[in-house]
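Chain by chain, the residues:
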Amino acid sequence: MKPTLANTECTQYLAMAIDLASANVRNSGGPFGAVVVSADGRTFEGANRVTATNDPTAHAEVTAIRAAAAALGTFDLSGAVLYTSCEPCPMCLASALWARISRVVYAADRHDAARSGFDDAVFYNYFDAAGDRQLMPVVRDGHQDTDYLQPFQLWDRLDTRIDY
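Residue positions are counted from 1 within each chain, in the order its sequence is given. Where totals are concerned, whole chains, interfaces and linings use all residues; where local detail is concerned, this predicted model gives features only for residues with pLDDT of at least 70, and gives and counts side-chain atom pairs only at 80 or more. Just so you know, side-chain values use all the structure's heavy atoms and leave hydrogens and water out.

### Here we look at the sheet that holds strand β3 (residues 81-86)
Turning to step 1, where the next piece is worked out: The 4 strands lie next to each other as β2-β1-β3-β4, forming an open sheet whose pairing is mixed. Where the open sheet ends on each side, the last strands, each with one partner, are β2 (43-47) and β4 (103-108). Neighbouring strand axes in the sheet, compared pairwise and without regard to direction, differ in orientation by 15 degrees on average.
Turning to step 2, where the next piece is worked out: Where strand β1 (residues 33-37) and β2 come together, 5 bridges link them in antiparallel fashion. Bridge pairing links V37 to T43 in β2. The pairing criterion for strands is at least two bridges between them, as found by DSSP. Working definition: helices are DSSP H or I runs of at least four residues, strands are E runs of at least two. Numbering for both runs from the N terminus. Between the N-to-C directions of two axes lies an angle of 0 to 180 degrees, each axis being a line fitted to C-alpha atoms and, for a helix, fitted only over the stretch in contact.

### Describing the confidence of the model for the protein chain
Turning to step 1, where the next piece is worked out: Scored by pLDDT, the protein chain comes out at a mean of 89, with 96% of its residues at no less than 70.
Turning to step 2, where the next piece is worked out: Residue-level confidence of the predictor is summarised by pLDDT, bounded by 0 at the bottom and 100 at the top. Here, two residues are considered to be in contact whenever any of their heavy atoms come within 4.5 Å of each other. Counting contacts from residues 1-5, a segment whose pLDDT is below 50, to residues more than four positions away or on other chains yields 1 contact.

### Comments concerning a nonpolar patch on the surface
Turning to step 1, where the next piece is worked out: For patch detection, residues must exceed 30% relative accessible area and be free of salt bridges, and they are connected within 9 Å for like charges or within 5 Å for nonpolar side chains (Val, Leu, Ile, Met, Phe, Trp, Tyr). Here the accessible surface of atoms and residues is derived via Shrake-Rupley with a 1.4 Å probe, and residues count as covered only by protein chains that are part of the display. Any carboxyl oxygen of Asp or Glu that lies within 4 Å of a side-chain nitrogen of Lys or Arg is treated as forming a salt bridge with it. Where nonpolar side chains cluster on the molecular surface, the patch consists of F75, W98, W155, L158, I162 and Y164 and spans about 710 Å² of accessible area.
Turning to step 2, where the next piece is worked out: Checked against the element boundaries, L158 lands in the segment after α7 (150-157).

### Digging into the pattern of salt bridges
Turning to step 1, where the next piece is worked out: Taken as a whole and assessed by the stated rule, the structure comprises 6 salt bridges.
Turning to step 2, where the next piece is worked out: The residue R66 makes a salt bridge to D55 at a minimum N-O spacing of 3.9 Å. Placement of R66 in helix α3 (residues 60-72) and of D55 in the loop between α2 (50-53) and α3 is noted, with a sequence separation of 11 residues between them.
Turning to step 3, where the next piece is worked out: A network of salt bridges, in which partner residues are shared, links D156, R161 and D163.

### A word on unusual backbone geometry
Turning to step 1, where the next piece is worked out: With phi around 55 degrees, N54 is a residue other than glycine that occupies positive phi space.
Turning to step 2, where the next piece is worked out: By the secondary structure assignment, N54 is in the loop between α2 and α3.
Turning to step 3, where the next piece is worked out: With a phi angle near 65 degrees, R100 is a residue other than glycine that sits in the positive phi range.
Turning to step 4, where the next piece is worked out: By the element assignment, R100 lies in the loop between α4 (90-98) and β4.

### Some thoughts on the nonpolar core
Turning to step 1, where the next piece is worked out: The biggest cluster of nonpolar side chains holds 16 residues, and the ones touching the most others in it are V36, I65, L77, L82 and I101.
Turning to step 2, where the next piece is worked out: At the level of secondary structure, the elements contributing two or more residues to this core comprise β1, α3 and β3.
Turning to step 3, where the next piece is worked out: Top contributing element to this core by residue count: α3, with 4 residues.
Turning to step 4, where the next piece is worked out: Sequence-distant contacts of I101, defined by excluding residues within four places in its chain, comprise V36, L77, A80, V81, L82 and A96.
Turning to step 5, where the next piece is worked out: Definition used in this section: a nonpolar core is a set of buried Ala, Val, Leu, Ile, Met, Phe, Trp, Tyr and Cys residues joined via side-chain atoms within 4.5 Å. Summary of the burial criterion: residues with accessible area below 20% of their type's maximum are buried, those above 50% are exposed, and those between are partly exposed, where the area comes from a 1.4 Å probe applied to protein chains only. If you look at the next biggest cluster of nonpolar residues, it comprises 10 residues, including C10, L14, A17 and V105.

### Focus on the environment of T74
Turning to step 1, where the next piece is worked out: Inspection of the secondary structure assignment puts T74 in the loop between α3 and β3.
Turning to step 2, where the next piece is worked out: Among the residues examined, T74 registers a relative accessible area of 29% and is labelled partly exposed.
Turning to step 3, where the next piece is worked out: In the structure, T74 is positioned 25 residues away from A99 in sequence and 9.2 Å away in space, judged by C-alpha atoms.
Turning to step 4, where the next piece is worked out: Within the structure, T74 has its side chain in polar contact with the backbone nitrogen of D76 (distance 3.1 Å). Any pair of nitrogen or oxygen atoms within 3.5 Å is treated as a polar contact; in protein, a donor-acceptor pairing is required on top of that, and neighbouring residues in sequence qualify only through side-chain atoms on both sides.

### Description of the UniProt feature "domain: CMP/dCMP-type deaminase" (unreviewed entry) in the protein chain
Turning to step 1, where the next piece is worked out: Here the UniProt feature "domain: CMP/dCMP-type deaminase" (unreviewed entry) sits at residues 8-119.
Turning to step 2, where the next piece is worked out: With 45% helix and 20% strand, residues 8-119 has end C-alpha atoms that lie 31 Å from one another. UniProt positions are given in the numbering used here, feature names are shortened, and annotations may be inferred rather than shown by experiment.

Set out below in structure tokens:
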């Protein structure tokens, strides 16, 4: 089968993400790399820097999204594609959703990562409909003696707000 342009581009960007991940391992980082390709074809790279920077949110996908958003001057990356060396964890998936990424393409899957000690199953399970919330309970405070809606009321009246 002759590869299509989209197939060739996909392979090219996944190869970039994998190369970033491999280089990152050699640079005290985790084995994850990501590339955001904007709607107009510009590329933005990210690598996992969790242990290098002691930032638990510094996953490759998040760093690539941050780089793209900063360079493009927008938080809305509609039309962009996220290519990543490994299946994104729930945090990275949520970040891609918030960024309005149009599609995510990955190489290795979560089971491949687990075999190397990166087992995110507990996080995936947490977000399942029947997931066990004992890992980290999230509860609403039952005492409503403060004006808890004040920030939203101010936001609703703000003429200069930027909706997202």
